[in-house]
Amino acid sequence: MELIFAIFIGLLYACGVFLLLRRSIVKVILGVFVLGNATNLIIFLAGGIKRSGAAFIPEGAETIDPAVISDPLPQALILTAIVIGLGIAAYILALKYRYFEETGTHDLDQLSKTDRK
Amino acid sequence: MIKYLPQLIGFLFIAGLMVPLLYPILKAKLGLFLSLIPLTILIVLFSALAGLTPESLYLLPSSWGLLPEMNFGFRIDGLSLVFGLLISGIGFFIVLYAAWYMSKYERQGHFFTYLMLFMASMIGLVFSDNLLVLFIFWELTSVTSFLLIGFDHHLAKSRQAALQSLLITGLGGLCLLFAVVMIGQVAGTYEISVLIERGIHLGDHPKYRLIFVLLLLAVLTKSAQFPFHFWLPGAMQAPTPVSAYLHSATMVNAGVFLLMRIHPVVGGTMEWKYMLMLTGIITMFLGAFFSMGQRDLKRILAFTTISALGTMVLLIGIDTPQSMKAALVFFIVHGLYKGGLFMVAGIVDKSTGTRDIYLLSKLFKPLPFTSIAAVLALISMAGLPPMLGFIGKELVYDAQIQLPGMSWLLLPLGIGANIMMVAISITIFTEVFNPFGKRDPIKVKYREKDFPWYFLGGPIVLALAGLMLGLMPGMLDTLIANALYAAKNQLLNVNLSLWHGFNDVLLLSLFTVVSGIVVFIFRRSLNVHIGRLIDWFDKYHLPTLFAKGIKIYVDRAYKRTQIIQHGYHRFYLLTFFIVTGLLIVAQVNWDFLSVMPDGGYTPLRINLVLLLVVASLAVIFAVFSRSRLSAILAMGVVGYAVAILYLMYGAIDLAITQFLAETVIMVLFVMVILYLPKFAVLSTRNSRIRDWIISLSIGALVTFVVLHARFINLYEPISVYFIKNSLTMAHGRNIVNVILVDFRALDTLGEITVLTLAAMGVYSLFRFKVKKTKSKKEL
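Note that the structure is predicted; figures quoted are calculated from it, not measured.

**Student:** Please provide a residue-by-residue account of the overall build of chain A, values included.
**Tutor:** When its secondary structure is counted, chain A shows three helices and zero strands. Ordered by position from the N terminus, the helices and strands of chain A form the series α-α-α. Taken over the C-alpha trace, chain A has a radius of gyration of 20 Å; the compact-globule value for 117 residues is 13 Å, which it surpasses by more than 25%. For chain A, the C-alpha atoms occupy an extent of roughly 70 × 30 × 15 Å along the three principal directions. In chain A, of all internal contacts separated by at least 6 residues, the share reaching a separation of at least 24 is 49%.

Okay, structure coming up:
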């Protein structure tokens, strides 16, 4: 399963990088999202996928055997990453919107100078 | 009293930095208030004169320093006092003068900040007893003078002049740093007093030549010696008070000071003598020569300063007791008359609106006191009795005559320079002030009575000081003797007097004056030739070459930068990915078997494999799709697939968050996409192929690295701790939540901050737009 996972992540990376290298800003943004998901998956995989129990301590118990639940730490990290990713997505989309309004282009090559034309 | 000198210098620094607070309170009185500080320093320095004997030395050691070898100790001897008195004395009058001169300027406060800092650095420079500290003050004078010269920074000329002086003096500063460090390494100490006390002389050291050349470069650049002299006339772009101060007592004289200060350690060798004499005599003659052809009063004075500095360097190069004495006296002479004359030039400029000596005429009537001060200063410049300038010039001649072997070269050039000085002095007088001139008097905007006393006081007091010292030169004897002792490490009897009886020197003086008058009479025809020469020089001359050199350098740098910073986003990323990829290739252990974990892979789960296949198809579709909307929806499929993956592996919180976040992003995207243009094929086939090769290799590398990293577990996972203590310590059963809000709560705070910032960013992006459309409507 790990192998399939790794290949999937590699595919996401390849597509993300390809999108990032486009001139159209919409594609670049799509690429950022893809890479975000792929990176989250890497972290998730690092926690191990052998165990798949939810990270809950059942009622009545003091603690739980770490061997039965999936590792909670990568989950906490990814949760933070997803939320921040959402914030970045909102910002990047607003920026893109304004950028297009300001410059009238979505071609990044037109933006090679910072001076306004 | 003198022991408070370090505090006073510090106070000067603080006063400069406090100007922004003081200015709103004091407004136009700011200059008057600030002038009290140099006045206090002047008085303190005078108090030190009382106990001065030819050998006395007062050290103010300090245990505090930035580095162990860099103590802020101060050294009060004749040499530092000669310079210190002139710096603080002329500084006092300059600040007063500037109080009115700058009153029309908007950024008066800035000016006084720079001026105070400059003055403090200059005083610190001459009194410091540590070579490293001296270097710091030296650099501070370069930086502050840069700010002062470029004060009118809205003028391209000013900026250029300021940059030029900074680059040249900055180069010298670097040389000085190297020289100082080498002296310290060779001699084992940076303390000047220790160097002198131990009688260390580096003349025989194998590194001597290098040290000397570096010091020489520092001095030549700072003191505007040939071939670095050109920054000084450019620097007269500065407001006149600055020019007056830079030329008379500070900045350019720092080089002369350094030569005298360092003389006991490196002076007196053949290299010292020949190099300094050579540059000195060239500078002296060229400066005087170029000043003949100028029309602008300030420019004339700037070139005479170059000449005077050449004289001082020459005298230090001759390196006899007489010549050192002459150099010291000449420094005082020059400071007094040059400070006065520059201030007069400023007064004339304010009064008439021009500084062209051929437009100005008959200023004696509207400006009587200024004219008297100017005439006295001009007499001093020409080297005529009864001013101190006469004594100075006699000493210079004396030193030049007494040099066996070289006087055949030095004397004619020296006399030539002095003849021109006499001619210039007479020219300035007849053209500008002479009440009996032929031309009509120039219209004046302000008469003397329109100016406040403190604007006019400086030149008059300085001229009178020159006169008084000329009549009673004995007052300087002890001070000069002590300064000589510091510079030559040799006790000499100094006895200055105005009248030396009939001798060769007096004859030379007479000859100089007569020739000067002759040159003055024929100045018109002479100036035509000089003007032509200057034009020719300007074509191939150093300022132009320097400017060209800088331009070429900047252009080249721009082109080089363009290669790296071309502005194309995707090529930046391309570079980044290729470099990262290569780094991974270089680092990874290419042992494919190591990728296999000990216990083998976890078994395949068919439902998940199907999910991943669907997601893979979706992402490939998203990349190739021509429709924006379907690309976004495909991307949503990928996001949801990832969420399901999380769910299948027990990460419930993650799955929920991912579902929500993905939905929100898609909605936002769809909202924004309505306003954006359709996808277009912007890239060429070849570039797409190239990009595919790169991205597929990156993908393959990532796969490999992930497989590798997955089975490296160097340490016991810390999540065991969280699992154990989630309920007992943090009282929560959902371990992920407990980590977020308890164990790692600060991280979550950071996350919230990021979200807030993003929200503020989005808000301001949209608010900005609203404003703009409004203004469009108004138009």
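There's more to say after this.
**Student:** Quick one: what's the story with the overall build of chain B, residue by residue and with numbers?
**Tutor:** Counting its regular elements, chain B contains 31 helices and two strands. Expected size for 779 residues packed as a compact globule is a radius of gyration near 28 Å; at 37 Å, chain B overshoots this value by more than 25%. Expressed along its principal axes, the backbone C-alpha trace of chain B runs to roughly 120 × 70 × 55 Å. With 779 residues in all, chain B has 55% of them scored as buried. In the form shown here, chain B has an accessible surface area of approximately 34,900 Å², with 69% of it arising from carbon and sulfur atoms. A distance of 13 Å separates the average location of the 59 positive side-chain charges in chain B from that of its 36 negative side-chain charges.

**Student:** How would you sum up the interface of chain A and chain B? Please name residues and give values.
**Tutor:** It is common to report an interface's size as the accessible area lost on association of the parts. With 88 residues of chain A in contact, the opposing surface of chain B contributes 97 residues. Counting each side, the surface lost to burial between chain A and chain B is near 8,700 Å², with a carbon and sulfur contribution of 77%. Between chain A and chain B we count two salt bridges in total. Note that arginine 22 of chain A is salt-bridged to aspartate 691 of chain B, the shortest N-O span being 2.0 Å. At the surface where chain A touches chain B, the tally comes to nine residue pairs in polar contact (both at pLDDT 80 or more). Counting only elements with at least two residues in the side of chain A that touches chain B, the list comes to α1 (2–20), α2 (25–46) and α3 (72–103) of chain A. In terms of residue count, the dominant contributor to the side of chain A that touches chain B is α3 of chain A (24 residues).

**Student:** I'd like to hear about the side chain of serine 165 of chain B, residue by residue, with values.
**Tutor:** The topology assignment puts serine 165 of chain B in helix α7 (residues 156–187). For serine 165 of chain B, the contacting residues outside a window of four places in its chain are Ile149, Gly170 and Trp231 of chain B.

**Student:** Can you tell me about the side chain of threonine 748 of chain B, naming the residues and giving the values?
**Tutor:** By secondary structure assignment, the location of threonine 748 of chain B is in helix α31 (residues 745–778). Leaving out residues up to four positions away in the same chain, threonine 748 of chain B has contacts with Leu740 and Val741 of chain B.

**Student:** Got a sec to walk through unusual backbone geometry? Specific residues and values, please.
**Tutor:** Residue and element names in this part refer to chain B. Phenylalanine 226 connects to proline 227 through a cis peptide bond whose omega is 0°. If you trace the backbone, proline 227 turns up in the loop between α9 (208–222) and α10 (231–234). Positive phi is not limited to glycine here, since aspartate 319 has a value of about 60°. With respect to the secondary-structure elements, aspartate 319 resides in the loop between α14 (297–318) and α15 (321–352). Non-glycine residue lysine 362 carries a positive phi angle of around 50°.

**Student:** A description of the pattern of salt bridges should follow, citing residues and the corresponding values.
**Tutor:** As a working rule, side chains carrying opposite charge can pair if their charged atoms are close by. Summed over the entire model, instances satisfying the criterion amount to 16 salt bridges over all chains. Between arginine 733 of chain B and glutamate 59 of chain A there is a salt bridge; the shortest N-O distance is 3.7 Å. Linking arginine 733 of chain B in the loop between α29 (719–730) and α30 (735–743) with glutamate 59 of chain A in the loop between α2 and α3, this pair reaches from one chain into another. In this structure, the salt-bridge partner of aspartate 747 of chain B is arginine 744 of chain B, at a minimum N-O distance of 3.0 Å. Its relative accessible area of 41% is what places arginine 744 of chain B among the partly exposed residues. Taken together, the shared-partner salt bridges connect Arg75, Asp77, Asp129 and Arg261 of chain B into one network.

**Student:** Explain helix α12 (residues 252–266) of chain B residue by residue, including any values.
**Tutor:** Residue and element names in this part refer to chain B. Its 15 residues give α12 an end-to-end C-alpha distance of 21 Å, which sits within 8% of 21 Å, the value for a rise of 1.5 Å per residue. Among the 15 residues in α12, 15 count as buried, and that is most of the element. Count one or two residues on from α12 and you reach glycine 268, which has phi positive near 85°.

**Student:** Describe the packing of helix α6 (residues 131–149) of chain B against α12 of chain B, with residues and values.
**Tutor:** All names here are of chain B. Axis separation between α6 and α12 bottoms out at 12 Å; the angle between their running directions is 175°. Here α6 lies roughly antiparallel to α12, going by the angle between them. When α6 is examined against α12, the residues Leu131, Leu134 and Trp138 are found in contact with a partner set consisting of Ala254, Gly255, Phe257, Leu258, Arg261 and Ile262. Residue composition of the contact of α6 with α12, grouped by class: seven nonpolar, one polar and one charged.

The rules behind each value
Residues numbered from 1 in each chain as written. Chains lettered and ligands numbered in written order. Predicted model: local features only at pLDDT ≥ 70, side-chain atom pairs only at ≥ 80, totals over all residues. Heavy atoms only, no water. Helix = DSSP H or I, 4+ residues; strand = E, 2+ residues; numbered from the N terminus. Rg over C-alpha atoms; globule rule 2.2 N^0.38 Å. Contact = heavy atoms within 4.5 Å. Buried < 20%, exposed > 50% of the residue type's maximum accessible area, 1.4 Å probe, protein only. Areas by Shrake-Rupley, 256 points an atom, 1.4 Å probe, with all protein chains shown as cover. Lys, Arg positive; Asp, Glu negative; His and termini not counted. Charge placed at Lys NZ, Arg CZ, Asp CG, Glu CD. Buried area = accessible area lost by both parts, 1.4 Å probe. Salt bridge = Lys/Arg side-chain N within 4 Å of Asp/Glu carboxyl O. Polar contact = N/O pair within 3.5 Å; in protein donor to acceptor, adjacent residues only side chain to side chain. Expected span 1.5 Å × (residues − 1). Axes fitted to C-alpha atoms, helices over the stretch in contact; angles between N-to-C directions. Parallel < 35°, antiparallel > 145°, perpendicular 65-115°, else oblique. Nonpolar A, V, L, I, M, F, W, Y, C, P; charged D, E, K, R; others polar.

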